[in-house]
Amino acid sequence: SFQWIAFIDNGMGETIKPIMIDKIQTSGQRYDTKPVYRQGQMNHYASSYSTDNITISLYTDTTGQAITYCTNWFEAVRHPSGYFRLPAKYKRNVRVVMVDSVHNTVATFTFQGCWPTAYESYSLDAGGTIIETTMQLSVDSVRVNESDAPSLSGNFNPQSLVNSAVNSVQQRISSLF
């Protein structure tokens, strides 16, 4: 079985704890084709490269860190006066590292130039449910197993991160009753 951990990097030190990232639906990649008629037949050539959006869900803790982080990122796209900011202000890289059962890195996916295109609403009820903040992110490109990927050797233990998240969720649930 594989475990994973994700990082969002904006290059300015602002970050979200990796343990708060609950789910990521990664993007697919594709080449669009351009048909060209030559010598009595249609030939197909690459015309453009595109990636699908990714979906990221973050746990919302009692400090509201995930809500604040996502709201600030979403609002970084557009200035309050209505114009859109420069991409350097809101595009970030999202890195997902998959590891095997003995913590060897299996694959590293780097989603480059990500920015929020949609921010999902919250479903609140009287039952005290756990809140997740979910965003759709546009992706410029995807890199797999780049040589600059972070090494996860040493003290990295994804299972301890998973255990920490489970304990945190259990504490939040028990505090509701």
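## Regarding the overall build of the protein
Thought 1: Along the backbone of the protein there are 2 helices and 9 strands.
Thought 2: Of the regular secondary structure in the protein, the N- to C-terminal order runs β-β-β-β-β-α-β-β-β-β-α.
Thought 3: Classification of the 177 residues of the protein by burial places 32% in the buried group.
Thought 4: Taking the intrachain contacts of the protein between residues at least 6 apart in sequence as the baseline, contacts between residues at least 24 apart amount to 62%.
Thought 5: For the protein, the computed accessible surface area is about 10900 Å², with 52% contributed by carbon and sulfur atoms.

## Here's the deal with helix H1 (residues 65-75)
Each turn of an α-helix holds 3.6 residues, which means side chains three or four residues apart point in the same direction.
Thought 1: Residues Ala 66, Tyr 69, Cys 70 and Trp 73 constitute the buried set of H1. For H1, the buried positions fall inside an angular range of 90° around the axis, keeping them on one side.

## As for the environment of Tyr 90
Thought 1: By secondary structure assignment, the location of Tyr 90 is in the loop between H1 and strand S6 (92-99).
Thought 2: Put simply, Tyr 90 and Pro 116 are 26 residues apart on the chain and 8.5 Å apart in space, counted from C-alpha to C-alpha.
Thought 3: In contact with Tyr 90, other than residues within four places in its own chain, are Trp 73, Ala 76, Val 77, Arg 85, Cys 114 and Trp 115.

## A closer look at the confidence of the model for the protein
Any segment with low pLDDT has predicted coordinates that should not be analysed in fine detail.
Thought 1: When the pLDDT values of the protein are averaged, the result is 80; 77% of them are 70 or greater.
Thought 2: Predicted confidence is poor over residues 148-157, with pLDDT under 50, and the contacts of this stretch with residues over four places away or in other chains come to 14 contacts.

## Quick notes on the pattern of salt bridges
Thought 1: The final tally for this structure, using the stated rule, is 4 salt bridges.
Thought 2: Within the structure, one salt-bridge network assembled from shared partners comprises Arg 30, Asp 32 and Asp 52.

## Some words on the side chain of Thr 133
Thought 1: The residue Thr 133 is located in strand S8 (residues 132-138) in this model.
Thought 2: Here Thr 133 is in contact with Ile 56, Ser 57, Leu 58, Thr 60, Ala 66, Ile 67, Cys 70, Tyr 119 and Tyr 122, once residues within four sequence places are set aside.

## Side note on the pairing of S8
Thought 1: S8 sits mainly inside the fold: 5 of its 7 residues count as buried.
Thought 2: Inspection of the sheet shows strand S5 (residues 54-59) paired to S8 by 6 bridges, in the antiparallel sense. Bridge assignment links Ile 56 to a residue of S8, and that residue is Met 135.

## Considering the environment of Val 106
Thought 1: As for its placement among the helices and strands, Val 106 is situated in strand S7 (residues 105-119).
Thought 2: A residue is classified by how much of its surface remains accessible, and Val 106, at 36% relative accessible area, is partly exposed.
Thought 3: C-alpha of Val 106 to C-alpha of Asn 145: the two residues are 39 residues apart in sequence and 8.7 Å apart in space.
Thought 4: The residues touching Val 106, leaving out its near neighbours within four places in the chain, are Phe 2, Met 98, Val 99, Asp 100 and Asn 145.

## Details of the packing of aromatic side chains
Thought 1: Counted by the stated rule, this structure contains 5 aromatic pairs.
Thought 2: Measuring from centroid to centroid gives 5.6 Å for Tyr 90 and Trp 115, while their planes differ by 65°, and the two rings are edge-to-face. Here Tyr 90, found in the loop between H1 and S6, pairs with Trp 115, found in strand S7; they are 25 residues apart in sequence, far enough to count as distant.
Thought 3: Tyr 90 sits in the buried class, given a relative accessible area of 9%.

So, how was this worked out
- Residues numbered from 1 in each chain as written.
- Predicted model: local features only at pLDDT ≥ 70, side-chain atom pairs only at ≥ 80, totals over all residues.
- Heavy atoms only, no water.
- Helix = DSSP H or I, 4+ residues; strand = E, 2+ residues; numbered from the N terminus.
- Buried < 20%, exposed > 50% of the residue type's maximum accessible area, 1.4 Å probe, protein only.
- Contact = heavy atoms within 4.5 Å.
- Areas by Shrake-Rupley, 256 points an atom, 1.4 Å probe, with all protein chains shown as cover.
- Arc of directions from axis to C-beta.
- pLDDT = per-residue confidence, 0-100.
- Salt bridge = Lys/Arg side-chain N within 4 Å of Asp/Glu carboxyl O.
- Pairing = 2+ DSSP bridges.
- Phe/Tyr/Trp six-rings, centres within 6.5 Å; stacked < 30°, edge-to-face > 60°.

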